[in-house]
Amino acid sequence: MRLSLVSSRVSRLTDHLGFWLRQVSNHVSHGFARKLADKDVTVAEWGLMRVLYGREPSAPSRLANEMGLTRGAITKLADRLIAKAFVIREASKNDGRAQTLRLTAKGAKFVPELAALADKNEIECFAHLSDDDRRTLQRILGETVARLGLTKMPLD
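These notes cover the structure that comes with them. (Residues numbered from 1 in each chain as written. Predicted model: local features only at pLDDT ≥ 70, side-chain atom pairs only at ≥ 80, totals over all residues. Heavy atoms only, no water.)

A count of helices and strands for the chain gives six helices and two strands. When its helices and strands are written in sequence order, the chain yields α-α-α-α-β-β-α-α. Here the C-alpha radius of gyration of the chain, 19 Å, is well above what a compact globule of 156 residues would show, namely 15 Å. Considered along the principal axes of its C-alpha atoms, the chain spans approximately 65 × 30 × 25 Å. A buried classification covers 26% of the 156 residues belonging to the chain. Put simply, 54% of the contacts in the chain that link residues at least 6 apart link residues at least 24 apart. Total accessible area computed for the chain in this model is approximately 11100 Å², and 56% of it derives from carbon and sulfur atoms. A distance of 4 Å separates the average location of the 26 positive side-chain charges in the chain from that of its 18 negative side-chain charges. (Helix = DSSP H or I, 4+ residues; strand = E, 2+ residues; numbered from the N terminus. Rg over C-alpha atoms; globule rule 2.2 N^0.38 Å. Buried < 20%, exposed > 50% of the residue type's maximum accessible area, 1.4 Å probe, protein only. Contact = heavy atoms within 4.5 Å. Areas by Shrake-Rupley, 256 points an atom, 1.4 Å probe, with all protein chains shown as cover. Lys, Arg positive; Asp, Glu negative; His and termini not counted. Charge placed at Lys NZ, Arg CZ, Asp CG, Glu CD.)

Spelled out as structure tokens, the structure:
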């Protein structure tokens with residue numbers, strides 16, 4: 001069905017892909033948030049931890065650019081993760097005035113456990129899809145994200 005800007009009827013909510021995307025997205029996101037809450041981690045904190053996992057210490061400004069967040073948002077996330085002993089802030093090796101963020105050993109050990117929760121949530125929500133359908137859906141959504149120029153990591 002091609003979407004027409006001029007219609008002789010008022011469209012139903014369920015006529016819109018956005019309605020269906022939002023319904024699925026809310027379910028998937030809220031389920032994952034509940035799983036993380038049991039571990040005392042938010043989705044945004046998980047996102048930063050996953051980005052830091054397996055990499056060299058990174059400047060908050062670089063992380064902000066990669067995640068599509070403000071530097072202030074990265075600082076707030078980092079402060080919360082530092083308080084939980086998952087992240088450390090330290091002076092940059094290249095510039096003593098600059099700071100970097102990296103996972104602590106505790107944080108690096110915790111990321112695979114949280115990733116397993118993400119995998120579990122994914123299976124619970126999408127196990128009914130064939131591999132081909134999953135790849136097709138991922139391709140279509142990826143193309144849509146690119147076409148819309150979306151760069152902010154969906155963490156809320």
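The structure having been displayed, the exposition proceeds.
Okay, the side chain of S58 next. Topologically, S58 is positioned in the loop between helix 2 (43–52) and helix 3 (60–67). For S58, a relative accessible area of 2% puts it in the buried group. Within the local environment of S58, its side chain forms a polar contact with the side chain of R55, the two groups lying 3.0 Å apart. Of the polar contacts made by the side chain of S58, one reaches the backbone oxygen of E56; its length is 3.1 Å. Each residue touching S58, except ones within four places of it in the same chain, is listed here: L52, L63, Q99, T100 and L101. (Polar contact = N/O pair within 3.5 Å; in protein donor to acceptor, adjacent residues only side chain to side chain.)

A few words now on the environment of A59. Structurally, the position occupied by A59 is in the loop between helix 2 and helix 3. Taking relative accessible area as the criterion, A59 reaches 28% and is therefore assigned partly exposed. Measuring from C-alpha to C-alpha, the distance between A59 and A91 comes to 9.7 Å, with 32 residues separating the pair along the chain. The contact partners of A59, leaving out residues within four places of it in the chain, are Q99 and T100.

Below, the discussion takes up the side chain of T104. Residue placement: T104 occurs in the loop between strand 2 (99–103) and helix 5 (105–126). A residue is classified by how much of its surface remains accessible, and T104, at 17% relative accessible area, is buried. Beyond its immediate chain neighbours, meaning those up to four positions away, T104 contacts A85, F86, V87 and I88.

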